[in-house]
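Below, each chain spelled out in residue letters.
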Amino acid sequence: MDAKLIVDEVRLTPILISDPPLLNVQGVHQPYTPRLVVEVVTRGGVSGLGETYGDTVYLDIAGRLAEVLPGRSITDVNALFALSESVDPHQADVDPAVDAGGLRGVRTADKLRLSVVSAFETACLDALGRTLGLPVHALLGGKVRDSVEYSAYLFHRWATHPAGGPVDDWGAALDPAGIVAQARRFDRLHGFRSFKLKGGVFEPEREIAAIRALAEAFPGRPLRLDPNGAWSVETSLAVARELGDVLEYLEDPASGTDAMAEIAARTDVPLATNMCVTTFEEVPEAFAKEAVRIVLCDHHYWGGLGRTRELAALCRTYGVGLSMHSNTHLGISLAAMTQVAATLPGLHHACDTHYPWQTEDVITTRPVFRAGRLAVSDAPGLGVDLDRDALAALHHRWLSDDGTHHDRDDTAAMRGAAPDWKPSSW
Ligand SMILES: O=C([O-])C(=O)C[C@H](O)[C@@H](O)C(=O)[O-]
Ligand SMILES: [Mg+2]
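From a predicted model like this one, the values you see are computed outputs, not experimental measurements. (Residues numbered from 1 in each chain as written. Chains lettered and ligands numbered in written order. Predicted model: local features only at pLDDT ≥ 70, side-chain atom pairs only at ≥ 80, totals over all residues. Heavy atoms only, no water.)

### Considerations on the layout of surface pockets
- Each pocket or cavity is described by its volume, and for the largest pocket that value is around 390 Å³.
- What lines the largest pocket is a set of 20 residues, and nearest its centre among them are Pro367, Ala375, Ser377, Gly383 and Val384.
- Elements represented by at least two residues in the lining of the largest pocket include exactly helix H12 (331-341) and strand E14 (373-375).
- Its residues assigned to classes, the lining of the largest pocket comprises nine nonpolar, seven polar and four charged.
- When its volume is computed, the second largest pocket comes out at roughly 200 Å³.
- What lines the second largest pocket is a set of 13 residues, and nearest its centre among them are Ala264, Glu290, Val292, Arg293 and Val320.
- Those elements that place two or more of their residues in the lining of the second largest pocket are helix H8 (257-266) and helix H9 (283-288).
- The residue makeup of the lining of the second largest pocket, split by class, is nine nonpolar, two polar and two charged. (1 Å grid on protein atoms, 1.4 Å probe; cavity = no way out; pocket = protein on both sides within 12 Å on 5 of 7 lines; lining within 4 Å. Points joined across faces, edges and corners; volume = space filled by probe spheres on them. Helix = DSSP H or I, 4+ residues; strand = E, 2+ residues; numbered from the N terminus. Nonpolar A, V, L, I, M, F, W, Y, C, P; charged D, E, K, R; others polar.)

### As for the UniProt feature "domain: Mandelate racemase/muconate lactonizing enzyme C-terminal" (unreviewed entry) in the protein
- With numbering matched to this structure, UniProt assigns "domain: Mandelate racemase/muconate lactonizing enzyme C-terminal" (unreviewed entry) to residues 176-270.
- Overall, residues 176-270 shows 53% helix and 14% strand. The separation of its end C-alpha atoms is 23 Å. (UniProt positions renumbered as here; feature names shortened; annotations may be inferred.)

### Considering unusual backbone geometry
- The phi angle at Asn228 is positive, at roughly 50°, despite the residue not being glycine.
- Its location among the elements puts Asn228 in the loop between strand E9 (223-226) and helix H7 (233-243).
- The phi dihedral of Glu290 is positive, around 50°, even though this residue is not glycine.
- With respect to the helices, strands and loops of the structure, Glu290 is situated in the loop between H9 and strand E12 (294-297).

### Quick look at the domain arrangement of the protein
- If you check the domain split of the protein, you get domain 1 (3-137 + 386-404 + 413-417) and domain 2 (141-375).
- For domain 1 versus domain 2, the separation of C-alpha centres amounts to 22 Å.
- Tallying the contact residues gives 51 residues for domain 1 and 59 residues for domain 2.
- Counting the surface lost from both domain 1 and domain 2, the interface buries some 4200 Å², and carbon and sulfur atoms represent 63% of this.
- Summed over the shared surface of domain 1 and domain 2, the number is one salt bridge.
- A salt bridge links Glu360 to Arg397; the shortest N-O distance between them is 2.8 Å. (Domains from an automatic or database assignment. Contact = heavy atoms within 4.5 Å. Buried area = accessible area lost by both parts, 1.4 Å probe. Salt bridge = Lys/Arg side-chain N within 4 Å of Asp/Glu carboxyl O.)

### A few points about the site of ligand 1
- As a matter of local geometry, ligand 1 sits amid 18 residues, with Asn24, His29, Tyr153, Asn228 and His354 nearest to it.
- For ligand 1, an oxygen atom lies 2.5 Å from a polar atom in the side chain of Tyr153.
- Protein contacts shield 100% of the accessible area of ligand 1, which totals 330 Å² for the unbound molecule.
- When residues of the shell around ligand 1 are assigned to domains, at least three map to each of domain 1 (3-137 + 386-404 + 413-417) and domain 2 (141-375). (Near = heavy atom within 4 Å. Polar contact = N/O pair within 3.5 Å; in protein donor to acceptor, adjacent residues only side chain to side chain. Areas by Shrake-Rupley, 256 points an atom, 1.4 Å probe, with all protein chains shown as cover.)

### Details of the side chain of Asp252
- Along the polypeptide, Asp252 turns up in the loop between strand E10 (247-251) and H8.
- Buried charge without a partner: Asp252 forms no salt bridge, and the closest opposite charge is Lys196, 7.2 Å away.
- At a separation of 2.8 Å, a polar atom in the side chain of Asp252 contacts the main-chain amide nitrogen of Asn274.
- If near-sequence neighbours (up to four positions away) are discounted, Asp252 is found in contact with Asp226, Pro227, Asn228, Gly229, Ala230, Met260, Ala272, Thr273, Asn274, Met275 and Cys276. (Buried < 20%, exposed > 50% of the residue type's maximum accessible area, 1.4 Å probe, protein only. Lys, Arg positive; Asp, Glu negative; His and termini not counted.)

The structure is reproduced here in structure tokens:
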């Protein structure tokens, strides 16, 4: 093996990034959210980047994986899965409750591990691409498009965080007019063609009215509504009847494969998910029951860019559509999302991204959306460079935090404003 390709060192940098007070079924985003930046440095002096969730449970696994990686080749990404199993002795201890902040389905030991492996895989591919002078998409078999379409991610939101923290100039959006104003600003700034509204915040009638207002303001544009499983089967069907003529898809209206399958059997509105199909183990039952027509991939928890392509192949095989999910993330993840999305022939829906809500980053140049799309970089690796000063500042914030923000907890943030608050269901 060429010595240049051998991992010399792995650097892990937990950071806290500012986040606006966006509302969802589990509460409100905290003012700061944790992320982890992974750097894999080769003996050839090349450094590759990856980014993933920064909550404590991920940091623990990442720390152990970082210790055993030096001495291995950056080409050996398939070995990361077995390697991560060998260093994660706490697999049985995982609380299976749905991740409070994540809203991304089951919480298994395997999935937590895959969410760490993904950042290491991305960093290895970035380092390999930089070493060979090739973009990551070339390492994945090549791009099938030159730009990737993203969707505007609309949220009901407050103007400020209840406990204080960073303030932006978006103001509150708590009714249909506020959501339309937010969509107009996204349209103006980034040219997004399609809009996704995070639902499950207010009673369904108010969210139906918001989608209707969007349909009126942006006739013919693709619209999605995602209450993160907050509704019953009957409520979901009622919403589908109300909005069937304007929705591109309804995302996770109810929780669980059986509920989704029942809704799917009784409506023509396509159902999408990033909650009931989030692991390969969940695929056979969901596809057999025809519970969803579209799966949202996410390279973070599916285990990386290679596994995202495997999911895409499965979806293609079963005639299930593909879209892309996002959680709060920075430019390293956005670059990885764009590189893998560029290689997926069956990706016919605009990808989600929280990125426009993020005002801070650890990369030197902010990507620019044009007509809602990002150009696919052909530069070596992911095509992004680390801003070390920004990384140090955000790491310093993490170090200075008393632990309140080390684990994302939207419910705790909401209870800061309303101590008796509980998630609603309709
Ligand atoms: O599509 C989704 O379900 C998400 O994007 C989950 C996220 O966590 C979102 O709800 C959020 O950031 O509040
Ligand atoms: Mg969703």
